[in-house]
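Structure at a glance
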Amino acid sequence: MKSVKTILLFVALVVLNTRCGTVIKKSDESGEVSKKFDDKMSASESWQDHMHALEKNLVDIYPIVLDPIEFGSQKNEKKISEALKNLNVASTKVNHSPMTVMNDPTLAFISFDFRQQLNNVDHAFSLGKKDYARFELLKMTQFCIECHTQSNKGPNFGYSQFSKKIEALPAITQAEVYIATRRFDEALKSYKEFFNQKEISWDAQFKTEQAIHNALSILIRYKRDSVGAKEFLEKVEKVNFVPLYLKSMIPVWQADIKKWSSEAKSMKPSLAIVKVWIDRSNARMFEYGRLGSEVWNQLSISYLHEFLESTRFKPYKADVLWLLGASYINGLNSYQSSLGEKYLEVCIRTFPNSFSAHRCYFKLEEYVYDTNSGSAGTFLSIEDQRRLRELKALSDPK
C-alpha cells in the first residue's frame, strides 16, 4: 500500500501549482472562477515566488534523483541537502498561502501534509537514509501529473527558460517532469518521441501503460481535445512494442472518444451528464476492468473539478465531492486513489450525519480495508482505526 502521506506530498505540489496562473476562460462560470482566483492571489505578493522556488529546486534535483549512484555520492550530498531544505522552506510559506482557503476543500489537508512530508524526507536524508529519501522523491512527478491534469484550470507554461538538464533525460522521463511543471505541449512531444522509438525493450513495454495514461490525461482532462486524443491513439496503435493487452483496449477508447466528440457538439456538460459518463465508466470497468474506464473517468474528473469551483454548483457540493472521491478511487491509476480518499473524507466532515456523509463513508471504508488487505489478512494501523471510528460517528445519520 502506498503511503497516504507520500501521495499528499506530491499531490500538494501539483494542486497548488495547478492554480498559480490565470484560469482559462471556457464559459461564464470559468470567468467567475478566474476573477475569484485573481482576488485571492493579490493577498500574497510572495506566493508565486515560493512556487517558483519549488519548481526550480525540483528541476535541479530530479536528474540526480534518477541516478542511484549520483544520489548516493558524497559529492552531491551538499547540493541535495540544500535543495531539500529550500523545498522545505518554500513549502512552509505555501502552506500559509491563500491557496489553502480556495474552493477545493482538500487544499488545507494537502498543503499541511505536503510540508510535513518534505520535512520527513529532509530528515531521512540528513540521517543517511538515502535510499528511502530517493525512493520517496522518485514518486514525485506522477503525483504532480495526476493533479496538474485534473481539469482545464491553470496555465500551460512556456518552455523557453526550462533547465537544459531535463533536455538530456530520456523522453519518457522528460515528459513526466514537463507535466510536473505544467509544460503540457512539450510533454506531449516527449510522449510522441517515446512512441517513435524503434528498439523494443522490456523497460519501454513496462512504461507504456503509464505513458498512455499520462498523455490522455493531458488531452482529455486538461485540453479536452477529442481530436488530439484520437490521433494520439492512432499513433500508439501502430507501435510494435505496445503490449497486446493495451492494444486490445485502443478500439474501446477510440469508440468512447468518438461518442464523446459527437455528444459534445449538442450538449453542455452538467452534473446529470457527468453521472451518465460515470455510469458508462462503471460499465466499461465491468467489461474490461479499470483500463476500460479510462476515457469516461478522466472526462468526469475534469468537469467535476470545474463544478467544485463554481458557485452555480454550490447546492450540489456534496454530490460533487462524492462523485470525485468515487471517480478517483475507481480510476486506472493507483496514484489517484488516495486523493479520492481525501475527497470522501472532506465530504463526511463538510456534511456530517447526512445521507451524503453516510455513502461517502461507505466508499472510504471499503477503500481503506481493500488497500490494507492481502493474502495474510487485513491489518489496519492504529491511526487508520482511530480515523475510521471518528468518521463513522460523523457519517451516521441523525
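Conventions and cut-offs
- Throughout, a residue's number is its position along its own chain's written sequence, starting from 1.
- Local features are withheld for residues below a pLDDT of 70 in this predicted model, meaning they are given only at 70 or higher, and side-chain atom pairs are given and counted only at 80 or more; totals for whole chains, interfaces and linings count all residues.
- Heavy atoms throughout the structure, all of them, feed into the side-chain values; hydrogens and water do not.
- Secondary structure elements follow DSSP: runs of H or I no shorter than four residues count as helices, runs of E no shorter than two count as strands, and numbering proceeds from the N terminus.
- A simple rule labels every residue: compare its accessible area, found with a 1.4 Å probe on the protein chains alone, to the largest value its type can have, and call it buried under 20%, exposed over 50%, or partly exposed in between.
- Throughout, a contact is declared for two residues whenever any of their heavy atoms are within 4.5 Å.
- Each accessible area is a Shrake-Rupley estimate made with a 1.4 Å probe; only the visible protein chains count as cover when residues are assessed.
- Definition of a polar contact: a pair of N or O atoms within 3.5 Å, with one able to donate and the other able to accept a hydrogen when the atoms are protein atoms, and with sequence-neighbouring residues admitted only if both atoms are side-chain atoms.
- Nine residue types can take part in a nonpolar core, namely buried Ala, Val, Leu, Ile, Met, Phe, Trp, Tyr and Cys, and a core is a set of them joined through side-chain atoms within 4.5 Å.
- Salt bridge, as used here, is a side-chain nitrogen of Lys or Arg placed within 4 Å of a carboxyl oxygen of Asp or Glu.
- Stacked, edge-to-face and tilted labels apply to pairs of Phe, Tyr and Trp rings (six-membered ring for Trp) whose centres lie within 6.5 Å, assigned for plane angles under 30 degrees, over 60, and everything in between, in that order.
- For a helix, the expected span equals 1.5 Å multiplied by the residue count minus one.

The number of helices and strands found in the chain is 21 helices and two strands. Across the 398 residues of the chain, 56% fall into the buried class. Taking contacts inside the chain between residues at least 6 apart in sequence as the whole, the part at least 24 apart equals 72%. Here the chain has roughly 17,800 Å² of accessible surface; of this, 54% comes from carbon and sulfur atoms.

Another aspect to go through is the environment of glutamine 197. Among the secondary structure elements, glutamine 197 is positioned in the loop between helix H11 (184–196) and helix H12 (202–222). For glutamine 197, a relative accessible area of 29% gives the class partly exposed. The sequence separation of glutamine 197 and valine 239 amounts to 42 residues, and the corresponding C-alpha distance is 8.7 Å. From its side chain, glutamine 197 meets the backbone oxygen of phenylalanine 194 in a polar contact 2.9 Å long.

Time to look at the nonpolar core. Core analysis: the largest hydrophobic core is formed by 79 residues, its most contacted members being Phe195, Ile212, Phe232, Trp253 and Leu304. Of the residues forming this core, the biggest block, nine residues, is contributed by H12. Not counting residues up to four positions away in its chain, the partners in contact with tryptophan 253 are Ile212, Leu216, Leu233, Leu246, Leu291, Gly292, Glu294 and Val295.

Let us look at the pattern of salt bridges. Where charged atoms of side chains with opposite charge meet at close range, the side chains can pair. Per the counting criterion, the structure on display carries 22 salt bridges. A salt bridge links glutamate 234 to lysine 230, with the nearest nitrogen and oxygen atoms 2.6 Å apart. Remark: lysine 230 and glutamate 234 occur in helix H13 (residues 226–237); sequence separation between them is four residues, near one turn of the helix. The residue lysine 363 makes a salt bridge to glutamate 366 at a minimum N-O spacing of 3.9 Å. Residue lysine 363 and its partner glutamate 366 are located together in helix H20 (residues 355–371), separated by three residues, close to a single helical turn. What you see here is one network of salt bridges that share partners, running through Glu341, Lys342, Glu345, Arg349, Glu383, Asp384, Arg386, Arg387 and Glu390.

So, about the packing of aromatic side chains. A complete count under the given rule lists 11 aromatic pairs for this structure. Centre to centre, the rings of phenylalanine 184 and tyrosine 222 are 4.3 Å apart; their planes meet at 40 degrees, and the pair counts as tilted. Note that phenylalanine 184 is positioned in helix H11 and tyrosine 222 in helix H12, a separation of 38 residues in sequence. Like phenylalanine 184, the residue tyrosine 222 is buried in the burial classification. Ring geometry for phenylalanine 195 versus phenylalanine 241: centroids 6.1 Å apart, planes at 0 degrees, classification stacked. Separated by 46 residues along the polypeptide, phenylalanine 195 in helix H11 and phenylalanine 241 in the loop between H13 and helix H14 (244–247) bring together distant segments of the chain. Each member of the pair, phenylalanine 195 as well as phenylalanine 241, is classed as buried.

Moving on: helix H18 (residues 317–330). Along its 14 residues, H18 runs 20 Å from first to last C-alpha, staying within 8% of the 20 Å computed at 1.5 Å per residue. When you tally the buried positions in H18, you get 12 out of 14 residues, the bulk of the element.

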